[in-house]
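Structural overview for review
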Amino acid sequence: MKKLLIVFLFMCFFIFTSIEAYAQEGYVDELSYDLNLSHSSESFTYTNDLGEEITLKVEPISSPLQRVSSGTYKVSKTSKGSWTVSYNVTINSRSQFTAATNLNLQALKGSILSSSLTHSSTKASCDFKQKAGLITSNANVTTTISNGKLVVK
C-alpha cells in the first residue's frame, strides 16, 4: 500500500511540475518586428486560447531614403473567419509613434458596431466591438515599441 501511495504521489508531482513548466513557457501571442534589421514584411500565425487562428503582420511602407527604424509601417491582425484590421503607424527617429492612420476594419461575419484608433508616443491601438448573431464581442490590436522592436498583439 505504501508503494502504491509513493507511486501515486510521484505521478502527481511529475504531472504538476510538467504543467507548471508548460505554463511558464506559455505560447507566443505577439509579433516582434526588429526596426533596425527588418526591411521586408513579417507575419506570424498562432492559435489563441479560444481556438481562433490569429495572424499578425507588419509591412514597412516608408521611402527608402529614411532610416530603417523611422518611417511608416502597416500593422494588421486577422482572426480567421471573423475579422481583419489594419492601420499605419508612423515612427520618428526617437522610436516614438507620431501618427496612427488609415484604419481598415472588416467584419468577415456579422458587423462592426464601433471602432476607435488612438495613439500616444509609446502605443497605438485599435479597439472595436463586433456583433455576430446574438453575440457581441470586443477586440483590439495593440502596437508598442520596445527595445528597438515594433511589437504587435
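Residues numbered from 1 in each chain as written. Predicted model: local features only at pLDDT ≥ 70, side-chain atom pairs only at ≥ 80, totals over all residues. Heavy atoms only, no water.

**Here we look at the pairing of strand S10 (residues 149-152)**
Of the pairings in the sheet, the one linking strand S1 (residues 31-34) to S10 comprises four bridges and is antiparallel in character. Counterpart to Tyr 33 in the pairing with S10 is Leu 150. Here strand S9 (residues 135-146) pairs with S10 via four bridges, running antiparallel. Residue Ile 145 lies in a different strand from S10, and its bridge partner there is Leu 150. With antiparallel pairing between neighbouring strands as the criterion, S9 and S10 make up a hairpin whose turn holds two residues, including Asn 147 at a positive phi of roughly 50°. (Pairing = 2+ DSSP bridges. Helix = DSSP H or I, 4+ residues; strand = E, 2+ residues; numbered from the N terminus.)

**Focus: the sheet that holds strand S8 (residues 123-132)**
As summarised here, the arrangement of the five strands in space is S1-S10-S9-S8-S7, forming an open sheet in which the pairing is antiparallel. Among the strands making up the open sheet, the edge pair consists of S1 and strand S7 (111-119). Between one strand axis and the next, the sheet turns through 10° on average, direction left out of account. (Axes fitted to C-alpha atoms, helices over the stretch in contact; angles between N-to-C directions.)

**Side note on the nonpolar core**
Counting residues in hydrophobic clusters, the biggest one holds 24 residues, and the most contacted among them are Tyr 73, Tyr 87, Val 89 and Leu 150. Counting residues per element, the ones that place at least two in this core are S1, strand S3 (53-60), strand S4 (71-79), strand S5 (83-91), strand S6 (97-107), S8, S9 and S10. If one sorts the elements of this core by residue count, S5 sits on top with five residues. (Core = buried A, V, L, I, M, F, W, Y, C linked by side-chain atoms within 4.5 Å. Buried < 20%, exposed > 50% of the residue type's maximum accessible area, 1.4 Å probe, protein only.)

**Thoughts on the environment of Lys 149**
By the element assignment, Lys 149 lies in strand S10. A C-alpha to C-alpha distance of 5.3 Å links Lys 149 and Leu 35, two positions 114 residues apart in sequence. Here Lys 149 is in contact with Ser 32, Tyr 33, Asp 34, Leu 35 and Thr 144, once residues within four sequence places are set aside. (Contact = heavy atoms within 4.5 Å.)

**Here's the deal with unusual backbone geometry**
A positive phi is found at Ser 95, a non-glycine position, where the angle reads about 55°. Examined against the element boundaries, Ser 95 turns out to sit in the loop between S5 and S6.

**Comments concerning the side chain of Asn 48**
The topology assignment puts Asn 48 in the loop between strand S2 (42-47) and S3. Polar contacts involving the side chain of Asn 48 include one to the main-chain amide nitrogen of Leu 50, which spans 2.9 Å. Within the structure, Asn 48 has its side chain in polar contact with the side chain of Glu 52 (distance 2.7 Å). (Polar contact = N/O pair within 3.5 Å; in protein donor to acceptor, adjacent residues only side chain to side chain.)

**Looking at the side chain of Thr 142**
With respect to the secondary-structure elements, Thr 142 resides in strand S9. Ignoring sequence-local partners within four residues, the contact set of Thr 142 consists of Tyr 87, Lys 123, Ala 124, Ser 125, Val 151, Val 152 and Lys 153.

The analysis is restricted to geometry; functional conclusions fall outside its scope.
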